[in-house]
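In case you want the letters, here they are:
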Amino acid sequence: MTFLIAAVVLVGVLCLLDLLLTFAVLRRLREHTAELARLSGGTRFAPYDPGVLVGRTLPWTDTDTDGVDRPQLVAFFDVNCDACHEHAPQFAVTARTQAAMAVISGAGPRADDLVRVVADVPSVITAERADSLVKAIGVEAFPTFLRVGPDGTIVAAQTELAALAEMAPAK
């Protein structure tokens with residue numbers, strides 16, 4: 001009889017240990033999932049060459065430019081992209097010296113943060129108009145910066161602003 005009680009207690013302890021280990025694994029899995037979501041927000045893991053956008057024409061509408069000159073520099077930001085939040089202030093400074101446009105894909109409080117940072121940019125497109133423009137042009141990584149000719153043709157594209165900011169605006 002004592003042998004049977006000891007066996008039942010041992011099985012109970014092993015079940016409790018198994019349950020604790022299962023909860024620990026589930027917690028760790030949730031942490032990994034959250035980390036992957038943070039790392040992949042707005043970016044792609046596959047190699048992306050923004051140069052594939054060169055030669056495409058931006059599908060302008062009258063409301064895109066809000067009565068200002070057509071932009072020579074266009075930035076595409078995504079609200080879930082940490083690099084976008086880092087590059088936005090630099091873009092806002094660069095936009096003071098030339099006709100520029102910011103396209104902010106996504107919604108929520110982080111979108112409001114990006115809009116505040118680029119508030120001095122003459123044209124800012126957000127929400128559904130931004131998402132449709134991203135799809136129409138074929139932007140696959142954020143941030144993406146475009147140098148645009150007067151006819152709306154993309155003459156250069158980079159994921160780093162510094163390379164395009166130094167280029168003379170297309171005439």
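Here's what I pulled together on the structure shown here. Computed from a prediction, not measured in an experiment: that's the story for all the values here.

What counts and how
- Residues numbered from 1 in each chain as written.
- Predicted model: local features only at pLDDT ≥ 70, side-chain atom pairs only at ≥ 80, totals over all residues.
- Heavy atoms only, no water.
- Helix = DSSP H or I, 4+ residues; strand = E, 2+ residues; numbered from the N terminus.
- Buried < 20%, exposed > 50% of the residue type's maximum accessible area, 1.4 Å probe, protein only.
- Contact = heavy atoms within 4.5 Å.
- Areas by Shrake-Rupley, 256 points an atom, 1.4 Å probe, with all protein chains shown as cover.
- Salt bridge = Lys/Arg side-chain N within 4 Å of Asp/Glu carboxyl O.
- Arc of directions from axis to C-beta.
- Phe/Tyr/Trp six-rings, centres within 6.5 Å; stacked < 30°, edge-to-face > 60°.
- Core = buried A, V, L, I, M, F, W, Y, C linked by side-chain atoms within 4.5 Å.

What the protein chain contains, in helices and strands, is five helices and five strands. Helices (α) and strands (β) of the protein chain occur, in sequence order from the N terminus, as α-β-α-β-α-β-α-β-β-α. Taken over 171 residues, the protein chain has a buried fraction of 36%. In the protein chain, once contacts between residues fewer than 6 apart in sequence are set aside, the share between residues at least 24 apart is 68%. Total accessible area on the protein chain is roughly 10,100 Å²; 62% of this is exposed by carbon and sulfur atoms.

What follows covers the pattern of salt bridges. In total, this model carries five salt bridges according to the counting rule given. A salt bridge links E31 to R27; the nearest nitrogen and oxygen atoms lie 3.5 Å apart. Of this pair, E31 and R27 both sit in helix α1 (residues 2–40), four residues apart, which is roughly one turn of the helix. Under the relative-accessibility criterion, E31 is labelled partly exposed at 38%. Between D113 and R116 there is a salt bridge; the shortest N-O distance is 2.5 Å. Within this pair, D113 and its partner R116 are both found in helix α3 (residues 109–117), separated by three residues, close to a single helical turn.

For helix α4 (residues 127–137), the set of buried residues is A130, L133, V134 and I137. Viewed along the axis of α4, the buried residues span an arc of 100 degrees, placing them on a single side of the element. The exposed set on the far side of α4, more than 90 degrees from its buried face, consists of E128, K135 and A136. Along its buried surface, α4 packs onto β1 (73–78), β2 (100–105), β3 (123–126) and β5 (154–158).

On to the packing of aromatic side chains. Both the distance between ring centres and the angle between the ring planes are used here to describe each pair of aromatic rings. Scanning all chains against the criterion turns up three aromatic pairs. Ring plane angle 80 degrees and centroid distance 5.9 Å describe the contact between F77 and F145, whose orientation is recorded as edge-to-face. Remark: F145 occurs in strand β4 (residues 144–148) and F77 occurs in strand β1; sequence separation between them is 68 residues. Classification of F77 by relative accessible area gives buried; the value is 0%. Ring geometry for F91 and F145: centres 6.2 Å apart, planes at 35 degrees, overall tilted. Placement of the pair is F91 in helix α2 (residues 82–95) and F145 in strand β4, with a sequence separation of 54 residues. Accessibility assignment for this pair places F91 and F145 in one class, buried. Clustering of aromatic rings is evident, with ring pairs tying together F77, F91 and F145.

On to the nonpolar core. Counting 37 residues, the largest nonpolar core has F76, F77, F91, V103 and L146 as its most contacted members. Mapped by element, the contributors of at least two residues to this core are β1, α2, β2, α3, α4, β4, β5 and α5 (161–165).

Here we take up the environment of L164. Tracing the sequence through the fold places L164 in helix α5. The class of L164 is buried, set by a relative accessible area of 1%. Residues L164 and F145, spaced 19 residues apart in sequence, show a C-alpha to C-alpha distance of 7.3 Å. Residues contacting L164, with those up to four places away along its chain left out, are L73, F145, L146, R147, A156, A157 and Q158.

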